[in-house]
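Each chain, written out:
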Amino acid sequence: MIEEEIVEYYKLLYLRGLSTLLSGNISVRSGDLILITPTSLPKPLLRPEDLVYIDFEGRVVKGTRQPSSEWRMHAAVYRRRPDVGAIVHVHPVHSTLLAERIKPDLFLEGDIYIGGPLAVVPPLQPGTWELAEAVADALARANVAVLKKHGVVAVGRSLAEAVNRVEVVEDLAKATLINLWINSGI
Ligand code: 13P
């Protein structure tokens, strides 16, 4: 069941230190609807029944919780990218701080996994249409966007692909820092 998959993947992301207890959100496309994590609950402790189905206007169609405050961002990205089946938004520290300074060519497989350029979005108020449209614009030609002072959004055809992209970008951000230390001669 896809609800169980989302819950399990969230635990993995949290245990890898890619998000704090309450932050982040995940969704998958489900026909004309979006299955999304609820807002403001401890995300690694979610149960499958906590997830909600919403339409593209944010109305809850199935489920008892309130949808993520970032539902606009998820809806805007799905509208812009018909090929996208899953969206992961988390708050990894290294990627968020390094943003455009991340060097995707440090790992031979970096570019392959990310499958395009790394987009960067300026700091914008979370939960707004302004952020949603900026992220959708950035992801029109990219699979990963770093939101400055906020976090990372990765898309994929599947949830596994989107989750892996978040992991790869954070590893590349750490590698970028290590590379700087090596090259500084310490
Ligand atoms: P939600 O709990 O509303 O999904 O918000 C978390 C978050 O990270 C906002 O950017």
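Use the structure listed above.
Residues numbered from 1 in each chain as written. Predicted model: local features only at pLDDT ≥ 70, side-chain atom pairs only at ≥ 80, totals over all residues. Heavy atoms only, no water.

Participant: Run through helix α6 (residues 159–183), naming residues and quoting values.
Facilitator: Over its 25 residues, α6 extends 36 Å from the first C-alpha to the last, a length consistent with the 36 Å expected when each residue adds 1.5 Å. Gly185, located one to two residues past α6, shows a positive phi value of around 80°. (Helix = DSSP H or I, 4+ residues; strand = E, 2+ residues; numbered from the N terminus. Expected span 1.5 Å × (residues − 1).)

Participant: Please give an account of the site of the ligand that cites residues and values.
Facilitator: If you check the shell around the ligand, you find 13 residues, and the closest are Gly24, Thr39, Lys43, Ser68 and Ser69. With respect to the ligand, the side chain of Ser68 contributes an N or O atom lying 2.7 Å from an oxygen atom. A distance of 3.2 Å separates an oxygen atom of the ligand from a polar atom in the side chain of His89. Grouping the constituent residues of the shell around the ligand by class yields one nonpolar, ten polar and two charged. (Near = heavy atom within 4 Å. Polar contact = N/O pair within 3.5 Å; in protein donor to acceptor, adjacent residues only side chain to side chain. Nonpolar A, V, L, I, M, F, W, Y, C, P; charged D, E, K, R; others polar.)

Participant: Report on helix α5 (residues 129–138), specifying residues and quantitative values.
Facilitator: Within α5, the full set of buried residues consists of Leu131, Ala132, Val135, Ala136 and Ala138. Angular distribution of buried residues about the axis of α5 spans 160°; they occupy a single face of the element. Among the structural elements, α2 (71–80), β6 (118–121), β7 (144–147) and β8 (151–156) are those in contact with the buried residues of α5. (Buried < 20%, exposed > 50% of the residue type's maximum accessible area, 1.4 Å probe, protein only. Arc of directions from axis to C-beta. Contact = heavy atoms within 4.5 Å.)

Participant: So what about the side chain of Lys43? Which residues, and what values?
Facilitator: Here Lys43 shows up in the loop between β2 (33–36) and β3 (52–54). For the buried residue Lys43, which engages in no salt bridge, the nearest side chain bearing the opposite charge is Glu70, 9.5 Å off. Sequence-distant contacts of Lys43, that is, excluding residues within four places in its chain, are made with Tyr10, Leu21, Leu22, Ser23, Gly24 and Pro38. (Lys, Arg positive; Asp, Glu negative; His and termini not counted. Salt bridge = Lys/Arg side-chain N within 4 Å of Asp/Glu carboxyl O.)

Participant: Explain the sheet that holds strand β1 (residues 25–30) to me, and be specific about the residues and the numbers.
Facilitator: Here eight strands make up an open sheet; going across it, the order is β4-β3-β2-β1-β5-β8-β7-β6 and the pairing mixed. Of all strands in the sheet, those bounded by a partner on one side alone are β4 (60–62) and β6. When strand polarity is set aside, the average angle formed by the axes of neighbouring strands in this sheet is 25°. Summarising the sheet, β1 and β2 pair through four bridges and their orientation is antiparallel. Within β2, the residue paired with Val28 across the bridge is Leu35. Where α5 meets the sheet, its contacts fall on β6, β7 and β8, and the angle it forms with β6 comes to roughly 160°. α6 rests against β1, β5 (86–90), β6, β7 and β8 of the sheet, and its axis sits at about 145° to β8. (Pairing = 2+ DSSP bridges. Axes fitted to C-alpha atoms, helices over the stretch in contact; angles between N-to-C directions.)

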